[in-house]
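# Secondary and tertiary structure notes
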Amino acid sequence: MKNRKIIIGSRGSKLALIYAEKARKKILNHSKNFGIEEVIIKEIVTKGDQVQDKKLSEVGGKGLFSKTIEVELLEKKIDIAVHALKDMPSEETKGLLTDCFLERNDPREILISKDNKHLKDLAPNSIIGTSSFRREFQIKKIRDDLDCKLIRGNVDTRIRKLKENLYDAIILSYAGIDSLGLNQNISQTFSTSEIIPCAGQGVIALQCRNNDEDLIELLKQADHQSTHSAIKAERNVLKVLEGDCETAVGAFASIKRDKINLEVELFSLDGSKRFHLKSSESIDKAQELGIEMGKTLKKMSNNSYKK
């Protein structure tokens, strides 16, 4: 790869470009051994960025944020794609490989509310902005008198809509708020047990073509091993469930020494039933743990989470 220039493809939002820059620096750290002279970022507009007034499930699902970037990768217009892992479908796209994950950012969920109130202190029938069925059902589990309403757009847009009194509070991921330096807006931070995050939340994934051996080797150097183990467990739950945008599922794996602890929950399609599991396994069995827990959830739910 002597004197090779590497092009990273990323969404053009402020947050996506922060993640892409993080990936660029990580790649540059290992670039000398691979003859890479330059790493540049190419901004790509995805369909998910263009359609802002509908739930993702209504306009094509999770792939809306990743597909356009993946097409550029397959057509060799870029060399590496950077994704927020939670936006990627559970099945890998043919011809591509997603096997490099940067060290996980904070995976927790946060509340931003008017008057800086906690969830328990919001007035009855307060309007909560979220675009996620999972978050909606999790909030209803804590406070069934609250009203969840669709909100889309980047973090700045959502905070602006809150300030315009279109919502009383919004739920977002801590990782995005923290990366943008907007922590002063946080009203409440939920533990990963209070609100179980979606699989892969807080993780930046790097993807390349599955026949680009030099880049596969380079990305192996950038991979964060314990993050890799944790998200393989989480994503395997999704794979077994064949989860999509309408699947209200939370999955979070934490690692302590040589043990992996996985907590998962799944809601029925209307949110009225919740199926919850916790289990531990040795870290080398991370993938199997995810598969096993996915199968158990599927059986417990009797497919009530699917149309």
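Residues numbered from 1 in each chain as written. Predicted model: local features only at pLDDT ≥ 70, side-chain atom pairs only at ≥ 80, totals over all residues. Heavy atoms only, no water.

To continue, consider the sheet that holds strand β10 (residues 204-209). Spatial ordering of the open sheet is given by β2-β1-β3-β10-β4, a layout of 5 strands whose pairing is mixed. Both outer strands of the open sheet, β2 (36-44) and β4 (96-101), are each paired with one neighbouring strand and no more. In this sheet, adjacent strand axes meet at a mean angle of 30° when their direction is disregarded. With 5 bridges connecting them, β4 and β10 associate as antiparallel partners. Residue pairing in the sheet places Leu96 in a bridge with Arg209 of β10. The strands touched by helix α7 (residues 213-222) are β1 (4-11), β2, β3 (80-84), β4 and β10; relative to β10, the strand with the most contacts, the crossing angle is about 165°. (Pairing = 2+ DSSP bridges. Helix = DSSP H or I, 4+ residues; strand = E, 2+ residues; numbered from the N terminus. Axes fitted to C-alpha atoms, helices over the stretch in contact; angles between N-to-C directions. Contact = heavy atoms within 4.5 Å.)

It is worth spelling out the nonpolar core at this point. Soluble globular proteins tend to bury their nonpolar side chains together. Ile27, Ile80, Ile112, Ile170, Ile177 and Leu206 are the most contacted members of the largest nonpolar core, which totals 36 residues. With 5 residues, α7 is the largest single contributor of residues to this core. Val237, Leu238, Ala251 and Met293 belong to the second largest nonpolar core, which has 20 residues in total. (Core = buried A, V, L, I, M, F, W, Y, C linked by side-chain atoms within 4.5 Å. Buried < 20%, exposed > 50% of the residue type's maximum accessible area, 1.4 Å probe, protein only.)

A side chain of one charge can pair with a side chain of the opposite charge if their charged atoms are brought near each other. Tallied over the entire structure, the rule returns 25 salt bridges. Two residues, Glu72 and Lys42, come together in a salt bridge whose shortest N-O distance is 2.7 Å. Here the residue Glu72 occupies a position in helix α3 (residues 63-74), and Lys42 occupies one in strand β2, the gap between them amounting to 30 residues. A relative accessible area of 30% means that Lys42 is categorised as partly exposed. It is possible to trace a salt-bridge network through shared partners that takes in Arg4, Asp79, Arg209 and Asp212. (Salt bridge = Lys/Arg side-chain N within 4 Å of Asp/Glu carboxyl O.)

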